[in-house]
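# Structural overview
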Number of protein chains: 2
Amino acid sequence: MATIEKIEAAAKRLHGKARVTPLLSSPDLDAIAGRRVLVKAECLQHTGSFKFRGGWAALSALGFHQRKRGVIAYSSGNHAQGVAAAAKAHNTPAVIVMPADAPKLKIDNTRALGAEVVLYDRVGGESREEVGAALAEERGLTLVTPYENPEVVAGQGSVGLEIARQAAELGITQADVAICCGGGGLAAGTALALEKYAPHMRVRPVEPQGFDDMARSLASGEIKSNPSQSGSICDAILTVEPGENTFAILSRLAGPGVVVTDAQAIHAMALAFLRLKIVLEPGGAVSLAAALFQQDAFDCDTVIAVATGGNVDPTVFQSALSQHPF
Amino acid sequence: MATIEKIEAAAKRLHGKARVTPLLSSPDLDAIAGRRVLVKAECLQHTGSFKFRGGWAALSALGFHQRKRGVIAYSSGNHAQGVAAAAKAHNTPAVIVMPADAPKLKIDNTRALGAEVVLYDRVGGESREEVGAALAEERGLTLVTPYENPEVVAGQGSVGLEIARQAAELGITQADVAICCGGGGLAAGTALALEKYAPHMRVRPVEPQGFDDMARSLASGEIKSNPSQSGSICDAILTVEPGENTFAILSRLAGPGVVVTDAQAIHAMALAFLRLKIVLEPGGAVSLAAALFQQDAFDCDTVIAVATGGNVDPTVFQSALSQHPF
């Protein structure tokens, strides 16, 4: 399982490799939320999402021979790009198993990073875990899971280290930290980092309506699944259920989950365009949507929203802007 | 006139007030440009453009009584917002003279920052300088000019200090620094900063076709005007002619000007969306357009493009994405 020591070690390996992304803000967003909102812009990370951190942390933790044989990952697209980019930089072959209905931009980018992309039928019920495990066995590849691998979670935890430091520079030590949540790797890693470096901040996982497995799992104290794997525009964070390890960490450290609608995520994308000048994908905007439109869910004077990714097809983005003329 | 000492002093006053914006990059952009491209994302600055730096530097340099009486500025929109935001933070009344055909977003934002907006007819030939001077006299306001005020230029020069430091962290000490150029305040301030802190970097002002007054002035050794004040989509950088002081600085320190088409600026906006996840306005994208599409204009292995602003109306942005499906 990921630990704070693993996170600190991963942060050292990431130094100079991952970008230190800025904490952005806008008085207009503060006015909407009725409190201070800081946005950790991980869409500006290499490959357009925080997943580069976990990919790099995992690849850089492998031994020489393992790295030489290659890695395999399954992903709706952001973990795919993160692992593919890290593998390319480490001169490691990468196979990525992606759902056939993933955004075209994500599939194209993953291929452009030199990875071999294998598509599977998510909607029809094929299991990416089974497809991935079979290929790993067949070719001797190391499986880099998106949120169960402790090194991946440790890499994502570097976001928490940066939040603690950057917020302290602004004089902020107390905050709700809203995090877009699929399997929970970023939320868990960040929670561990904050436990040590910003103990008055608390992670709040945010999910889209109908895919709130983490919120229901945290509320009930046991892992709950989603009835469906598609049907939300937030493709990046549609997982079947929380990871066992991430759930264990978040049960101990996170506050209750927060749920937003797809429409709120789209509205948050348009506002991030207008007020922050950043590009968010729907699944990367649910944290900001929660800060803006689920005000009662939070206690602190400040919400720090981790905007996790920006890999959105232009047509989806244009549609978001059309729905919210300013 | 602005000096390196004024820039260093302004940078101290800006510390903790202006954002240190990131240097972004993408292997896809490098491939298009045929060299390394680093993008200084000043669209992420407060108020969505670098102009906040100059506004803050000028306001913070005023004496108590001058500040209390208020300031006036004329601007197509970004200097307006920069001065208005800085004035608000200093509790100073601000009057902003803006062209009636400025983007709606910029006019709205300036009003939202508490400034009184006075519109004038740019296309019909009204002079903003005359409108501004008359109001300044009438109300006892201090005029904060957009690129002749030495404190404003000093504030913009803090971009150059950051570029020198951030590039050195990446091991880069030699580069062409492409800068979107209207009156030349940012280019001049940056050139002065680089002269001391990165002497192997050279500023290259970039302008839209038909509005290349700085390029022609630099080539001929004397100030040349543009025949028109409208007719390009790059509203932020359509000035009549270079400032006297900025021209003097750039004559000494800058390389030849670079000219791009509106179509190239729009293409650069779409690529910045896709590859960097940032929002650029047309006038803020000409530097990146030059790096990508005017390759023969540059000598160095690296071009650092200052992406100066992101205050673009959503319809213009949507149109840019429509013209460049990936």
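The written sequence of each chain sets the order in which its residues are numbered from 1. Written order decides the labels, with chains lettered from A and ligands numbered from 1. Only residues with pLDDT of at least 70 are given local features in this predicted model, and only at 80 or more are side-chain atom pairs given and counted; all residues enter the totals for whole chains, interfaces and linings. As a rule here, side-chain values come from all non-hydrogen atoms in the structure, and water together with hydrogens is ignored.

## Notes on the overall build of chain A
Only DSSP runs of H or I covering at least 4 residues are called helices, and only runs of E covering at least 2 are called strands; the numbering of each starts at the N terminus. From N to C terminus, chain A includes 14 helices and 10 strands. The globule rule used for comparison is 2.2 Å times the number of residues to the exponent 0.38, while the radius of gyration itself is calculated over C-alpha atoms. The C-alpha atoms of chain A give a radius of gyration of 18 Å, which matches the 20 Å a tight globule of 326 residues would have. On the principal axes, the C-alpha backbone points of chain A span a range of 55 × 40 × 40 Å. Per-residue accessibility, obtained with a 1.4 Å probe over protein chains only, is compared with the maximum for each type, and a residue is labelled buried under 20%, exposed over 50%, and partly exposed between these values. For chain A, the residues scored as buried account for 63% of the 326 residues in total. Across chain A, the fraction of contacts at a sequence separation of at least 24, relative to all contacts at a separation of at least 6, is 74%. Computed with a 1.4 Å probe, the accessible areas rest on the Shrake-Rupley method; for each residue, only the protein chains presented here act as cover. Summing over all exposed atoms, chain A offers an accessible surface of approximately 11400 Å²; the carbon and sulfur share of this is 50%. Two residues qualify as a contact provided that any one of their heavy atoms is within 4.5 Å of a heavy atom in the partner residue.

## So, the sheet that holds strand 3 (residues 71-74) of chain B
Sheets are built from strands paired through backbone hydrogen bonds, the pairs being either parallel or antiparallel. Residue and element names in this part refer to chain B. Two strands are counted as paired when DSSP detects at least two bridges linking them. Reading across from one edge, 5-4-3-6 is the order of the four strands in this open sheet, with parallel pairing throughout. Every interior strand has two partners, whereas the edge strands, strand 5 (116-120) and strand 6 (142-143), have only one. Summarising the sheet, strand 4 (residues 94-99) and strand 5 pair through five bridges and their orientation is parallel. Directly across from Val97, in strand 5, lies its bridge partner Val118.

## Quick word on the environment of A:Gly155
All names here are of chain A. Within the secondary structure, Gly155 is located in helix 8 (residues 150-169). Classification of Gly155 by relative accessible area gives buried; the value is 0%. Separated by 99 residues in the primary sequence, Gly155 and Trp56 have C-alpha atoms spaced 7.3 Å apart. Filtering out sequence-adjacent residues up to four positions away, Gly155 remains in contact with Ala10, Leu14, Arg53, Gly54 and Ala57.

## As for the interface of chain B and chain A
With 30 residues of chain B at the interface, the matching set in chain A holds 30 residues. Buried surface area refers to the total accessible area, computed with a probe of radius 1.4 Å, that the two partners give up upon joining, counted for both partners together. With both chains or domains summed, chain B and chain A bury close to 2600 Å², and 66% of this area falls on carbon and sulfur atoms. Among the residues chain B hides against chain A, the three largest losses belong to B:Phe273, B:Lys277 and B:Phe326. Together they make up 27% of the total. Put simply, a salt bridge is a Lys or Arg side-chain nitrogen that is within 4 Å of an Asp or Glu carboxyl oxygen. Counting the contacts that link chain B with chain A gives zero salt bridges. N or O atoms within 3.5 Å of each other form a polar contact, as long as, within protein, one can give a hydrogen and the other can take it, and as long as residues adjacent in sequence are counted only when both atoms are side-chain atoms. At the boundary of chain B with chain A, the tally comes to 13 residue pairs in polar contact (both at pLDDT 80 or more). Those elements giving two or more residues to the side of chain B that touches chain A turn out to be strand 1 (23-24), helix 6 (104-112), helix 12 (262-276) and helix 14 (314-323) of chain B. Here the element with the most residues in the side of chain B that touches chain A is helix 14 of chain B; it accounts for five residues. Amino acids outside the nonpolar list (Ala, Val, Leu, Ile, Met, Phe, Trp, Tyr, Cys, Pro) and the charged list (Asp, Glu, Lys, Arg) are all regarded as polar, and Gly is one of them. Partitioning the side of chain B that touches chain A into residue classes produces 16 nonpolar, eight polar and six charged.

## Description of helix 8 of chain A
Because each turn of an α-helix spans 3.6 residues, side chains separated by three or four positions end up pointing in the same direction. Expected helix span is given by 1.5 Å per residue-to-residue step, counting one fewer step than there are residues. End to end, helix 8 of chain A covers 29 Å across 20 residues, agreeing with the expected 28 Å (1.5 Å per residue, within 8%). Among the residues of helix 8 of chain A, the N-terminal cap falls to A:Asn149, whose side-chain oxygen and the backbone nitrogen of A:Glu151 are separated by 2.8 Å.

## Looking at the UniProt feature "domain: Tryptophan synthase beta chain-like PALP" (unreviewed entry) in chain A
Under the UniProt annotation, "domain: Tryptophan synthase beta chain-like PALP" (unreviewed entry) lies at residues 19-309 of chain A. What you have in residues 19-309 of chain A is 46% helix and 16% strand, and the ends, taken at the C-alpha atoms, are 14 Å apart. UniProt positions are given in the numbering used here, feature names are shortened, and annotations may be inferred rather than shown by experiment.

## Focus on the relation of the copies chain B and chain A
The operation relating the two chain copies consists of a rotation about an axis and a shift along that axis. Here the copies were fitted onto each other by least squares, based on C-alpha atoms from residues at pLDDT of at least 70 in both. Here chain B sits on chain A after a turn of 180° about the axis and a move of 0.0 Å along it, with an RMSD of 0.0 Å. In symmetry terms, the pair is related by a two-fold rotation axis. Looking at the rotation axis and the C-alpha trace of chain B, the residue lying nearest is B:Ile278, at 2.3 Å. Mapped onto chain A, 100% of the interface residues of chain B are again interface residues, and the two copies thus contact each other with one and the same surface.

## What to know about the packing of aromatic side chains
Pairing of aromatic side chains here covers Phe, Tyr and the six-membered ring of Trp, requires ring centres within 6.5 Å, and sorts the geometry by plane angle: under 30 degrees stacked, over 60 edge-to-face, intermediate tilted. What the rule picks out here adds up to seven aromatic pairs over all chains. Between the aromatic rings of A:Phe52 and A:Trp56, the centroid separation amounts to 5.7 Å while the plane-to-plane angle is 45°, which identifies the pairing as tilted. In this pair, A:Phe52 and A:Trp56 are both assigned in helix 3 (residues 51-61), four residues apart and thus about one turn of the helix distant. Side by side, A:Phe52 and A:Trp56 carry an identical accessibility label, which is buried. Ring centres of A:Phe317 and B:Phe273 lie 5.0 Å apart, and the angle between their planes is 55°; on these two criteria the pair is classed as tilted. One end of the pair, A:Phe317, is in helix 14 (residues 314-323); the other, B:Phe273, is in helix 12, on a second chain. Residue classification places A:Phe317 among the buried positions, given a relative accessible area of 0%. Through successive ring pairs, a cluster of aromatic residues spans A:Phe273, A:Phe317, B:Phe273 and B:Phe317.

## Some words on the side chain of A:Asp313
Assignment of secondary structure puts A:Asp313 in the loop between strand 10 (302-307) and helix 14. In this count, Lys and Arg are taken as positive residues and Asp and Glu as negative ones, while His and the chain termini are left out. Of the buried charged residues, A:Asp313 lacks a salt bridge, with A:Lys104 as the closest side chain of opposite charge at 7.3 Å. Beyond its immediate stretch of four places on either side in the chain, A:Asp313 contacts A:Pro103, A:Lys104, A:Leu105 and B:Phe326.

## Structural notes on the domain arrangement of chain A
Residues and elements named next belong to chain A. Annotation comment: domain bounds sourced from an automatic or database domain assignment. Domain annotation of chain A identifies domain 1 (4-50 + 150-323) and domain 2 (52-143). Centre-to-centre, using C-alpha coordinates, domain 1 lies 23 Å away from domain 2. Taken together, the 31 residues of domain 1 in the interface contact 22 residues of domain 2. Where domain 1 abuts domain 2, roughly 2100 Å² becomes buried across the two surfaces, and 54% of that area is made up of carbon and sulfur atoms. Considering only the side of domain 1, the residues that lose the most area to domain 2 are Thr47, Asp235 and Asn311, jointly responsible for 25% of the buried surface there.

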